[in-house]
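# Fold and contact review
What follows is the residue order along each chain.
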Amino acid sequence: MREHDRFFIGGGWAAPAGTGTIEVISPHTEEVIGRVPEGTEADIDAAVAAARRAFDEGPWPRMTPAERAEILGRLSAIYAERQQEMAELVTAEMGSPLGFSIFGQSAIPQMVLQYYTDLAASYTWEDERQGMLGPVTVTREPIGVVGAIVPWNVPQFTLMLKLAPALVAGCTVVAKPSPETPLDTYLLAEWMLEAGLPDGVVNIVPAGREVGAHLVAHPDVDKVSFTGSTAAGRKIGAVCGEQLKRVTLELGGKSAAIVLEDADLASTIEGFKLASLMNNGQACAAQTRILAPRSRYDEVADALAAMVGGLTVGDPSDFGSEIGPLVARRQQERVEGYIRLGQDEGAKIITGGLDRPHDRGWYVAPTVFGDVRNDMRIAREEIFGPVLALIPYEDEDDAVRIANDSEYGLGGSVWTADPDHGVEVARRIRTGSCGVNMYVIDPNTPFGGYKNSGMGRELGPEGLAAYLEHKSIPRPASA
Ligand code: NAD
């Protein structure tokens, strides 16, 4: 049992303003495994005030990028040493299978931190240009106080996509984790203290959405970086638009994996274990629409059903489990609702269905729907669970059309024996990323969405630019 009774604010542990608590419940045992105070608007005000002070008066924005990188390097080293502990904690909180968690919930966040720490040395922080009337210095300055709001599915990853570039840039941060996954941020806060991050540079207040909305609208917050649902992203974007506040939005997805005629089926289907079903299917970029050529439809359906039907579903802390429970009962019921809906819409379950694999814990059977049409709701809406929709296509143009016929535009993939041709097809998909014979999110390449999947990019140098204001300082040419 992990119990915390304070918030990480101003470089120490601050008493909460309210009396509410958040209970963290294991999705596997349905028992309480941790407790933290529930943040209120007053706690957000205290956290923003601390971040504002640290930005306006503290050393952090005034240090050189190299000085900041030195401190972040210490944090990265602690993170690297204690990765396993972080992976186990996130698994306990939200049910990510440990095999995935070690990589996706802990190793990758650490790699992202290390990437931005290293980027500080090579990034162009300032350059000289020749203007019309004389030389111009173009410099990059930190945007200011950042409100970082993250979901429960990949809590450390989504937080680090914001924290690492914001900190390297010289910003200060107020982070609001989801009520489902606050515990991992306490561990990170302990590491930040150990690393010697100056007071108030990062402040953390776990809370619900109304309190999150208070952070978004707070006049002392200069930028909001949000990862979560498209519905919440629209509201947040509207508030930021009204206030002309900088904003980055990483939202939902309904990504397509296109299996081309010449694809090697065995490796393609194996690849879907990660690309389509990572994190129990609770991944924004999961390739949940599988597009198969009609000529090979039966073959793909059989292989996909065999793979998905053969997955080991069970205790996520057990290294052998490939699929764990969903985060909460409401998510289990939501996904089961979609399984019912798919049947009502006329799609055919080819493996899985409504029989729960375990009586206790929020498990759903990994499920594949065959005979799906792209206009069905199970092909259009984000289900956020281990449920795949297999959609037949006629030819390559048809596959590209179906892949692009979505309100979302986050990820995707193309599976083929001819990777060069795969790249050509990937170029035609209107998404922020599209893999060939794999799907991966790399620390040094931009990640984000077209269309309703968001605005802006995280990762890579592009993700650092999102925390910087570019300032031009022109002056007359000297005689
Ligand atoms: P959610 O939108 O309900 O909540 C996400 C976070 O935002 C939580 O911390 C929540 O408390 C807060 N929040 C919600 N409404 C808010 C508001 N109006 N103002 C301020 N804060 C608010 O999403 P969720 O159910 O926690 O997460 C799942 C969603 O996240 C999925 O749609 C998934 O696709 C998306 N996601 C996207 C990415 C990406 O990078 N594109 C990554 C992971 C998850």
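All values derive from a computational prediction rather than experimental measurement.

### Here's the deal with the overall build of the protein chain
Check the secondary structure of the protein chain and you find 15 helices and 23 strands. Relative to the 2.2 N^0.38 estimate, which gives 23 Å for 479 residues, the radius of gyration of the protein chain is 23 Å and therefore close to what a compact globule would have. Projected onto its principal axes, the C-alpha coordinates of the protein chain cover approximately 75 × 60 × 40 Å. Taken over 479 residues, the protein chain has a buried fraction of 59%. Between the mean site of the 42 positive side-chain charges and the mean site of the 66 negative ones, the protein chain shows a separation of 5 Å.

### Points about the packing of helix α9 (residues 265-275) against helix α10 (residues 297-309)
Between two packed helices, what matters for the description is the angle formed by their axes and the separation of those axes. Close contact between α9 and α10 brings their axes to 10 Å; oriented N to C, the two are set at 45 degrees. It follows from the interaxial angle that α9 and α10 lie oblique. For the pair α9 and α10, the sense of crossing is right-handed. For the pair α9 and α10, contact is made by Leu265, Ile269, Phe272 and Lys273 and by Glu299, Val300, Ala303, Leu304 and Met307, respectively.

### Points about helix α2 (residues 65-81)
An α-helix turns once per 3.6 residues; consequently, residues spaced three or four apart project the same way. With 17 residues, α2 should reach 24 Å at 1.5 Å per residue; the first-to-last C-alpha distance of 24 Å fits that figure. Among the residues of α2, those classed as buried are Pro65, Arg68, Ala69, Ile71, Leu72, Leu75, Ser76, Ile78 and Tyr79. For α2, the secondary structure elements touched by its buried residues are α3 (83-94), α4 (98-122), α5 (155-169) and α6 (183-195).

### Re empty space enclosed by the protein
Enumeration according to the criterion identifies four cavities of 30 Å³ or more in this entry. If you add up the space inside the largest cavity, you get close to 70 Å³. Taken together, 15 residues make up the lining of the largest cavity; nearest its centre are Lys254, Arg289, Ala403, Gly411 and Thr431. For the lining of the largest cavity, the secondary structure elements donating two or more residues are α13 (396-404) and β18 (408-409). Residues belonging to the lining of the largest cavity are distributed by class as follows: five nonpolar, six polar and four charged. Considered as a void within the structure, the second largest cavity measures approximately 60 Å³ in volume.

### Observations regarding the UniProt feature "domain: Aldehyde dehydrogenase" (unreviewed entry) in the protein chain
Annotation from UniProt places "domain: Aldehyde dehydrogenase" (unreviewed entry) at residues 13-473. Annotation note: span residues 13-473, helix share 41%, strand share 21%, distance between end C-alpha atoms 41 Å.

### Here's the deal with α9
Within the span of α9, buried status applies to Leu265, Thr268, Ile269, Gly271, Phe272 and Ala275. Looking down the long axis of α9, one finds its buried residues gathered within 155 degrees of arc, a one-sided arrangement. Contact partners of the buried residues in α9: β13 (256-259), β14 (289-293), α10 and β19 (412-415).

### Some thoughts on the domain arrangement of the protein chain
Often the size quoted for an interface is simply the accessible area lost on bringing the parts together. Domain boundaries assigned for the protein chain yield domain 1 (2-251 + 453-473) and domain 2 (256-442). Distance between the C-alpha centres of domain 1 and domain 2: 30 Å. Between domain 1 and domain 2, the contact holds 28 residues from the first and 33 residues from the second. Interface area, domain 1 with domain 2, both sides summed: about 2500 Å², of which 59% is carbon and sulfur. Area buried by domain 1 at its contact with domain 2 is led by His28, Trp152 and Ser453, which between them contribute 24% of it. At the junction of domain 1 and domain 2, the tally comes to two salt bridges. For Glu30, the salt bridge is made with Arg329, and the minimal N-O distance between the two is 3.0 Å. In this assembly, domain 1 and domain 2 are joined by 13 residue pairs in polar contact (both at pLDDT 80 or more). Of all elements in the fold, only α3, α4 and α8 (230-243) reach the threshold of two or more residues within the side of domain 1 that touches domain 2. A breakdown of the residues in the side of domain 1 that touches domain 2 according to their chemical character gives twelve nonpolar, eleven polar and five charged.

### Observations concerning the pairing of β13
Side-chain positions along a regular strand alternate between the two faces of the sheet. Of the two faces of β13, the one carrying Ala256 and Ile258 and the one carrying Ala257 and Val259 are both buried. Where β13 lies against β14, three bridges are found, and the strand directions are parallel. Of the residues in β14, the one forming a bridge with Ala257 is Ile290. Where the polypeptide runs from β13 across α9 and back to β14, its parallel neighbour, the crossover connection is right-handed. Two strands pair when backbone bridges link them, and β13 and β19 are joined in this way by four bridges, in the parallel orientation. By the bridge assignment, Val259 is partnered in β19 with Trp415.

Conventions we followed
- Residues numbered from 1 in each chain as written.
- Predicted model: local features only at pLDDT ≥ 70, side-chain atom pairs only at ≥ 80, totals over all residues.
- Heavy atoms only, no water.
- Helix = DSSP H or I, 4+ residues; strand = E, 2+ residues; numbered from the N terminus.
- Rg over C-alpha atoms; globule rule 2.2 N^0.38 Å.
- Buried < 20%, exposed > 50% of the residue type's maximum accessible area, 1.4 Å probe, protein only.
- Lys, Arg positive; Asp, Glu negative; His and termini not counted.
- Charge placed at Lys NZ, Arg CZ, Asp CG, Glu CD.
- Axes fitted to C-alpha atoms, helices over the stretch in contact; angles between N-to-C directions.
- Parallel < 35°, antiparallel > 145°, perpendicular 65-115°, else oblique.
- Left-handed = near helix turned anticlockwise from the far one by under 90°.
- Contact = heavy atoms within 4.5 Å.
- Expected span 1.5 Å × (residues − 1).
- 1 Å grid on protein atoms, 1.4 Å probe; cavity = no way out; pocket = protein on both sides within 12 Å on 5 of 7 lines; lining within 4 Å.
- Points joined across faces, edges and corners; volume = space filled by probe spheres on them.
- Nonpolar A, V, L, I, M, F, W, Y, C, P; charged D, E, K, R; others polar.
- UniProt positions renumbered as here; feature names shortened; annotations may be inferred.
- Arc of directions from axis to C-beta.
- Domains from an automatic or database assignment.
- Buried area = accessible area lost by both parts, 1.4 Å probe.
- Salt bridge = Lys/Arg side-chain N within 4 Å of Asp/Glu carboxyl O.
- Polar contact = N/O pair within 3.5 Å; in protein donor to acceptor, adjacent residues only side chain to side chain.
- Pairing = 2+ DSSP bridges.
- Right-handed = clockwise from strand over helix to strand, strands pointing away.

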